[in-house]
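Structural description and commentary
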Amino acid sequence: MMTLFRLRPGEHYKKFFLPYLLIAPGLFFILAFTVYPLFQIIRMSLNASTEDMSYPFHPWTTTFEHYQAIFNDPVYVDSIFTTIKFMIYTTLPTVLISFVLAIWLSRGVRYLKTFHQMSYVYPMILPAVSVASIWLFIYTPHYGLFAHITDILGMNDPTMLRRPETALKALVIMEIWRQVGYFTLFFIAGLSAIPQEVEEAAALDGAGRLKTLWYIQLPLMWPTWIFVMTVALLHGLQTVDPIFIMTQGGPSNATNLMLYQMYQTAFFYNDPAKSSAFATIFLLMTSFIAIFQVYGLDRLWRSDEGSHANR
Amino acid sequence: MKTIIKGGEKLKTIWTPFRTVFVLSLFLMVFVLSGCGQNTSPKENVTSSKQNDTASNSSTSTSQQTSEMKTTASPVQLTFYYPVGVTGPLSEIMQKMVQQFNDEHPNIQVKAVFTGSYNDNTAKIITSLKGGNPPDVVISLSQDLTMLLDLDAIQPFDELFASKDPALQFDESDFFPAFMLNSSRDGKIWGIPFQRSTPVMYYNKEAFKEANLDPQKPPETWDELVKMASQTMVKDKAGKVQRWGVEIPISGTSTWLFEALAIEAGKDIYNGNPAAIELDTPESKHAMQWLIDLSKKYKVMPEGVIDWSAASTDFTSGATTFLYHSPGSLSAIMKQAPFEVGVAFLPKDKQYGVPTGGGNLYIMKGIPEERRQAAWTFVQWMVAPDRAAQWSIDTGYVPVRKAAEQTKLWQDYIAGRPQAQIALEQLPYAQAELDTHKRSEVQKMVADAIQAVLSGSQSIDDAFNNAQKQIDQVLKPYQK
């Protein structure tokens, strides 16, 4: 704060005004399209009346009845657990597979390297709706690809999307397929950022392939890991598109993810207040993951000397 | 070095005009985005340009548009929302129809807005109402009547019946009574049937012949259906099913086919009272028991929740002999199936019975008088006998009125495709479809209960009694 007074008049503009002027357009859009709607959602979720809330200073009464209604309704509670399940089921395999793929692509593969990289990244550039349509066909009983394969193997078609026990897993498999390429890219970037000398030094010390992986590559890539984990978790939490195409939340609410239920509540049950309350719960979950990343893990590993190499 | 400098200069010469364009487009973007709040839909432009002085100030309408408005003695502008609920190029057909209307009526301009599926359509209507910017005329589910009334969004047609256009041959008593069940409430008519249907049963005549059954005699009762389904089933040597007997797809939040089963078992779950659902009756439990028996006991239907759209492909690819589906799929099924397709009534248990389905035309409340009259002309035109018949031929929907059925157009059509007549013949047995207060929520509870039983996670008694309690809770505020 003291620097403010020590500066000559012209410098005020340069040091304080100019930066804010430069970020103003971005800031405006964030305020108008992110911060203001968030504020409104929290307001609406806490208001007793479900009437028009579009005026910021509409008279209102604070209540938690919408939250109570959500936690008393098994459909909503199940939806939260289904979402958490879906998030964990997709994130862990995705991150592990993409790490292995990245190691293989950057160190192991000899021929057609670009072709390999392209084919793993390919699912990412497809629109989510097309991916869902493709997989809907794959899972179709009788004549879908999955049914064909199980037929050749002499097994019974599991009809994954028809049964609540398997429907979520079917979506998980699809999501993993869709995301692996994307995270592989980050891991490849992380791997190539490891200084060549470090690996050479390790090799001179007699470290083999596995030891290099364990003692050099893994620790040096922690920042990438944290970033990828966060993005993957948020991604899992935010999945909704395939639900519209493939299952509509069924069978028996087995794939009723939070965003889908939120949309249903707002636009089909015509209950914006309850939907806002559900959105606020969702918001808390996402913020928890984000805070975990920014303040928790990131700080923990910043003290580690090695990670600086990557920054 | 020289070349690099040259390149830099070149870049500069490109950059300078580009920069201007860039800054301008940025400005434009901010303009458009900030205008979003007021001018979301084209209709708003139309209304603002009608008040002539604001039109010239309006930033979004170009000068060309404004001059056009002024020269053509300003026709009445209508916004019309329509969804597409079955497969086929229906949106194109509708756009052509509206174009024809506009050509025939120079003083009315209807802007047809395609809104997606029925669900998306309902969501868009609600959103536009909340935004204070509703359309003038909509096609929406006949099941949406209670919701639209609860939102105070529509107006009754009764007063408009006084001012009919004789050329359009509108007659409210000409519509099939079954279709009017979901159109009237408290003695008033709120919706005009437009694209309506009842579920029918498709069957594979080829499979009948293979099993030495007479393809002209489809099953008439539940028991016959089970028998014929198991006779026509095909298994390979390993015992794996190649062709199932029957598929009754009840997926998502749809309860349509279950309502049919409940009516057939003796009692519909919806009795016309928008504040009640009777799900825990012996009849509906019996219907559910039969449905689950089809896969568990008789083993003629695949287990689990069968997807609505996948089921019709199952049928055309020969993976099932019988299929319960909408007559709206008739054209697509006839086109895709490599075998002869039969269409029949849904088999009966105690009685024949189906719910109706599909969409009605509604006129929104609170629109100015001239738009109201224009909307009324448009509605009459849309259901004029020839047009109604043509729409049914193009889409597969059932003709909504007797005059349409009697047109030469329709008679010629069914001479070549008698299957199209079945849904019409079934109409005397049709009842209202589920339309309660908070319909989406209530319907989802019913669908959840059915799916819980189908997937084997709950018994019929548990699922249905629980759902009944939940539904009663939701509907309690509406009970008098």
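Just so you know, these numbers come straight off a predicted model, no measurement behind them. Here the residue numbering is sequential within each chain, running from 1 through the sequence in written order. The order in which chains are written sets their letters, starting at A; the order in which ligands are written sets their numbers, starting at 1. For a predicted model such as this one, the threshold for reporting local features is a pLDDT of at least 70, and the threshold for listing and counting side-chain atom pairs is 80 or more; totals across whole chains, interfaces and linings nevertheless cover every residue. The basis for every side-chain value is the complete set of non-hydrogen atoms in the structure, without hydrogens or water.

**A word on the pairing of strand β10 (residues 320–325) of chain B**
Residues and elements named next belong to chain B. Exposure is judged per residue with a 1.4 Å probe applied to protein chains only, and the accessible area is read against the type maximum: over 50% gives exposed, under 20% gives buried, and values in between give partly exposed. A run of H or I in DSSP becomes a helix once it reaches four residues, and a run of E becomes a strand once it reaches two; helices and strands are each numbered from the N terminus. A large share of β10 lies buried, amounting to six of its six residues. Only strands joined by at least two bridges in the DSSP assignment are considered to pair. Pairing of strand β7 (residues 200–204) with β10 involves four bridges; the strand directions are antiparallel. Paired with Met-201 across the two strands is Tyr-324, which belongs to β10. In terms of strand pairing, strand β9 (residues 241–247) meets β10 through three bridges, oriented parallel.

**Looking at the packing of aromatic side chains**
Residues and elements named next belong to chain B. We call Phe, Tyr and Trp rings a pair once their centres come within 6.5 Å, taking the six-membered ring for Trp, and we label the pair stacked below 30 degrees between planes, edge-to-face above 60, and tilted otherwise. According to the stated counting rule, one finds 41 aromatic pairs over all chains in the structure shown. Seen in terms of ring centroids, Phe-101 and Phe-378 are 4.9 Å apart; in terms of plane orientation they differ by 75 degrees. Their pairing is edge-to-face. Of this pair, Phe-101 sits in helix α5 (residues 90–104) while Phe-378 sits in helix α15 (residues 369–382), and the two are 277 residues apart along the sequence. With relative accessibility at 0%, the residue Phe-378 sits in the buried group. If you follow Arg-387 out to its NZ or CZ, it ends over the ring of Trp-381, 3.7 Å from the centre. A ring is scored as having a charge over it whenever the NZ atom of a lysine or the CZ atom of an arginine sits within 6 Å of its centre and within 35 degrees of its normal. In this structure, Arg-401 is placed above the aromatic ring of Phe-175, and the distance from its NZ or CZ to the ring centre is 5.5 Å.

**A look at the sheet that holds strand β13 (residues 357–363) of chain B**
All names here are of chain B. Pairing in this open sheet of five strands is mixed, and the strands run β2-β1-β3-β13-β6 from one edge to the other. What marks the edges here is a single partner per strand, and that holds for β2 (108–114) and β6 (192–197). Here the strands of the sheet are splayed against their neighbours by 20 degrees on average, with no regard to which way each runs. Looking at chain direction, β6 and β13 are connected through five bridges and run antiparallel. Bridging from a neighbouring strand, Pro-193 pairs with Asn-360 of β13. Any pair of residues with heavy atoms lying within 4.5 Å of one another is described as a contacting pair. Fitting a line to C-alpha atoms yields each axis, with helices limited to the stretch in contact; the angle taken between N-to-C directions then spans 0 to 180 degrees. Sitting on the sheet, α5 touches β1 (76–82), β2, β3 (137–141) and β6, and the angle it makes with β2 is about 170 degrees.

**Quick look at the interface of chain B and chain A**
Opposite the 34 residues of chain B that make contact, chain A presents 26 residues. Summed over both partners, the interface of chain B with chain A comes to about 2,500 Å²; 49% of that surface belongs to carbon and sulfur atoms. When two parts are brought into contact, each loses some accessible area as probed by a 1.4 Å sphere; the total of that loss over both is the buried area. When the area that chain B buries against chain A is broken down by residue, the three leading residues are Lys240(B), Glu441(B) and Lys444(B), summing to 19%. Criterion for a salt bridge: a side-chain nitrogen of Lys or Arg within 4 Å of a carboxyl oxygen of Asp or Glu. Linking chain B with chain A are two salt bridges. Across the pair Asp151(A) and Lys240(B) runs a salt bridge whose closest N-O atoms are separated by 2.8 Å. Whenever a nitrogen or oxygen atom comes within 3.5 Å of another N or O atom, the pair is scored as a polar contact, on the condition that within protein one atom can donate a hydrogen and the other can accept it, and that pairs from neighbouring residues in sequence are kept only if both atoms are in side chains. Where chain B meets chain A, there are nine residue pairs in polar contact (both at pLDDT 80 or more). Counting residues per element, the ones that place at least two in the side of chain B that touches chain A are α1 (2–35), α6 (118–130), β9, α13 (308–316) and α20 (439–454) of chain B. Throughout, the ten residues Ala, Val, Leu, Ile, Met, Phe, Trp, Tyr, Cys and Pro are labelled nonpolar, Asp, Glu, Lys and Arg are labelled charged, and all others, Gly among them, are labelled polar. Classifying every residue of the side of chain B that touches chain A gives twelve nonpolar, eleven polar and eleven charged.

**Comments concerning helix α12 (residues 282–296) of chain B**
All names here are of chain B. The span one expects for a helix is its residue count, reduced by one, times 1.5 Å. With 15 residues, α12 should reach 21 Å at 1.5 Å per residue; the first-to-last C-alpha distance of 20 Å fits that figure. Those residues of α12 lying buried are Ser-284, Lys-285, Ala-287, Met-288, Trp-290, Leu-291, Ile-292, Asp-293, Leu-294 and Ser-295. Buried residues in α12 make contact with α10 (222–232), β9, α11 (256–265), β10, α20 and α21 (460–475).

**Structural notes on the nonpolar core**
Phe80(B), Ile248(B), Tyr324(B), Leu361(B) and Phe464(B) are the most contacted members of the largest nonpolar core, which totals 128 residues. To define a nonpolar core, start from buried Ala, Val, Leu, Ile, Met, Phe, Trp, Tyr and Cys residues and group those joined through side-chain atoms within 4.5 Å. Ranked by size, the runner-up nonpolar core spans 22 residues in total, among them Leu171(A), Met174(A), Ile176(A) and Tyr260(A).

**Describing the pattern of salt bridges**
Per the stated rule, a full pass over the model turns up 21 salt bridges over all chains. Between Asp314(B) and Arg162(A) there is a salt bridge; the shortest N-O distance is 3.2 Å. Residue Asp314(B) is found in helix α13, and its partner Arg162(A) is found in the loop between α7 (145–152) and α8 (164–192); the two belong to separate chains. For Arg162(A), a relative accessible area of 5% translates into the label buried. Linking Glu340(B) and Lys209(B) is a salt bridge whose minimum nitrogen-to-oxygen distance equals 3.7 Å. Taken as a pair, Glu340(B) in the loop between α14 (330–336) and β11 (341–344) and Lys209(B) in helix α9 (residues 205–210) lie far apart in primary sequence, 131 residues in all. If you follow the salt bridges from partner to partner, you end up with Glu159(B), Glu369(B) and Arg372(B) in one network.

**Observations concerning the environment of Ser329(B)**
Among the structural elements, Ser329(B) can be located in the loop between β10 and α14. Spatially, the C-alpha atoms of Ser329(B) and Tyr202(B) are 10.0 Å apart, while their sequence positions differ by 127 residues.

**So, a nonpolar patch on the surface**
All names here are of chain A. Excluding any residue in a salt bridge, patches collect residues exceeding 30% relative accessible area, merging like charges within 9 Å and nonpolar Val, Leu, Ile, Met, Phe, Trp and Tyr side chains within 5 Å. Where accessible areas are quoted, they stem from the Shrake-Rupley method and a 1.4 Å probe; at the residue level, only the protein chains shown are allowed to cover. Among the surface-exposed residues, Tyr-20, Leu-22, Ile-23, Leu-27, Ile-30, Leu-31 and Val-35 lie close enough to one another that they form a single nonpolar patch of about 690 Å² accessible area. As for its position among the elements, Ile-23 is in helix α2 (residues 9–46). For Ile-23, a relative accessible area of 43% gives the class partly exposed.

**Things to note about the environment of Ser117(B)**
Residues and elements named next belong to chain B. With respect to the helices and strands, Ser-117 occurs in the loop between β2 and α6. A relative accessible area of 30% places Ser-117 in the partly exposed class. For Ser-117, the residues in contact, after removing those within four places along its chain, are Pro-83 and Val-84.

**A look at the confidence of the model for chain A**
When pLDDT is low, close inspection of the predicted coordinates is not appropriate. Residues and elements named next belong to chain A. Summing up the model confidence of chain A, the mean pLDDT is 82 and the portion of residues at 70 or higher is 87%. Per-residue pLDDT, averaged within each element of chain A, yields its smallest value for helix α1 (residues 2–6) (55) and its largest for helix α13 (residues 258–267) (90). Confidence per residue, as judged by the predictor, is encoded in pLDDT with a range of 0 to 100. A low-confidence stretch, residues 305–311 (pLDDT under 50), is modelled with 13 contacts involving residues beyond four sequence positions or located in other chains.

**As for the packing of α20(B) against α21(B)**
Residues and elements named next belong to chain B. Contact geometry for α20 and α21: axes closest at 9 Å, N-to-C directions at 170 degrees. Looking at the two axes, α20 sits roughly antiparallel to α21. Contacts between α20 and α21 pair Val-442, Met-445, Val-446, Ala-449, Ile-450 and Val-453 from the former with Ile-460, Ala-463, Phe-464, Ala-467, Gln-470, Ile-471, Val-474 and Leu-475 from the latter. Grouping the amino acids of the contact of α20 with α21 by side-chain chemistry returns 13 nonpolar, one polar and no charged. Throughout this description, any angle smaller than 35 degrees is read as roughly parallel, any larger than 145 degrees as roughly antiparallel, any in the 65 to 115 degree range as roughly perpendicular, and the remainder as oblique.

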